[in-house]
Amino acid sequence: TFRQDKFKDYKLQRPETPDSLKSQIPVIKDLIKYFGMQIIEKEGLEADDLLASLAKKGVDAKLNVVIITSDQDIYQLIKKNQVFI
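Residues numbered from 1 in each chain as written. Predicted model: local features only at pLDDT ≥ 70, side-chain atom pairs only at ≥ 80, totals over all residues. Heavy atoms only, no water.

### Some details on the overall build of the protein chain
So, point 1. Check the secondary structure of the protein chain and you find four helices and two strands.
So, point 2. Sequence separation of at least 24 residues holds for 26% of the intrachain contacts in the protein chain that already meet a minimum separation of 6.
So, point 3. When the accessible surface of the protein chain is summed, it comes to about 7,400 Å², and 55% of that surface belongs to carbon and sulfur atoms. (Helix = DSSP H or I, 4+ residues; strand = E, 2+ residues; numbered from the N terminus. Contact = heavy atoms within 4.5 Å. Areas by Shrake-Rupley, 256 points an atom, 1.4 Å probe, with all protein chains shown as cover.)

And the structure:
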């Protein structure tokens, strides 16, 4: 990601994604598509970056935004009466 380019130690201590999870990702993407949902991803960005960007676009469009995640880092996106986790 762009953060790894700027900060060489970024998430250095984080263990590598297990192969068992890596092999499930294409299956998960197929299920998401099957249920008619859109997959949004961009090379070099993490999910947190995309969620923050999409939440801001929703707020700017005067929409209520609901994010379903167990990632507590996302709590910083909560905005009273607009962004819910």
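### Looking at the pattern of salt bridges
So, point 1. Counted under the stated rule, the structure contains three salt bridges.
So, point 2. K22 serves as the salt-bridge partner of E16, at 3.0 Å between the closest nitrogen and oxygen.
So, point 3. The class of E16 is exposed, set by a relative accessible area of 63%.
So, point 4. Of the residues examined, K22 reaches a relative accessible area of 36% and is grouped as partly exposed.
So, point 5. Between K56 and D60 there is a salt bridge; the shortest N-O distance is 2.9 Å. Here the residue K56 and the residue D60 both occupy positions in helix 4 (residues 47–60), the gap between them amounting to four residues, near one helical turn. (Salt bridge = Lys/Arg side-chain N within 4 Å of Asp/Glu carboxyl O. Buried < 20%, exposed > 50% of the residue type's maximum accessible area, 1.4 Å probe, protein only.)

### So, a nonpolar patch on the surface
So, point 1. Taken together, V27, L31, Y34, F35 and M37 make up a surface patch of nonpolar side chains, about 610 Å² in accessible area.
So, point 2. When you line up the elements, L31 lands in helix 3 (residues 25–34).
So, point 3. Judged by its relative accessible area of 45%, L31 is partly exposed. (Patch = residues over 30% accessible without salt bridge, like charges linked within 9 Å, V, L, I, M, F, W, Y side chains within 5 Å.)

### Structural notes on helix 4
So, point 1. Counted at 1.5 Å a residue, the expected span for helix 4 with its 14 residues is 20 Å, and the 20 Å between its end C-alpha atoms agrees.
So, point 2. Within the sequence span of helix 4, burial applies to D49, L50, A55, G58 and V59.
So, point 3. Following helix 4 by one or two positions, K62 adopts a phi angle in the positive range, close to 65°. (Expected span 1.5 Å × (residues − 1).)

### What to know about the confidence of the model for the protein chain
So, point 1. When the pLDDT values of the protein chain are averaged, the result is 84; 85% of them are 70 or greater.
So, point 2. For the protein chain, per-element mean pLDDT is lowest for helix 1 (residues 2–6), which scores 63, and highest for helix 3, which scores 95. (pLDDT = per-residue confidence, 0-100.)

### Looking at the layout of surface pockets
Rolled over the atoms, a probe with the dimensions of a water molecule shows which regions are left empty.
So, point 1. Approximately 870 Å³ is the volume attributed to the largest pocket.
So, point 2. If you trace the largest pocket, you find 23 residues lining it, with I32, I39, I40, A47 and L51 closest to the centre.
So, point 3. If you list the elements that add at least two residues to the lining of the largest pocket, you get helix 3, helix 4 and strand 1 (65–66).
So, point 4. No other element matches helix 4, which puts five residues into the lining of the largest pocket.
So, point 5. The residue makeup of the lining of the largest pocket, split by class, is 17 nonpolar, two polar and four charged. (1 Å grid on protein atoms, 1.4 Å probe; cavity = no way out; pocket = protein on both sides within 12 Å on 5 of 7 lines; lining within 4 Å. Points joined across faces, edges and corners; volume = space filled by probe spheres on them. Nonpolar A, V, L, I, M, F, W, Y, C, P; charged D, E, K, R; others polar.)

### Focus: the nonpolar core
So, point 1. Core analysis: the largest hydrophobic core is formed by seven residues, namely A55, V59, V65, I67, I74, L77 and V83.
So, point 2. Sequence-distant contacts of I67, defined by excluding residues within four places in its chain, comprise L51, A55, I74, L77, V83, F84 and I85. (Core = buried A, V, L, I, M, F, W, Y, C linked by side-chain atoms within 4.5 Å.)

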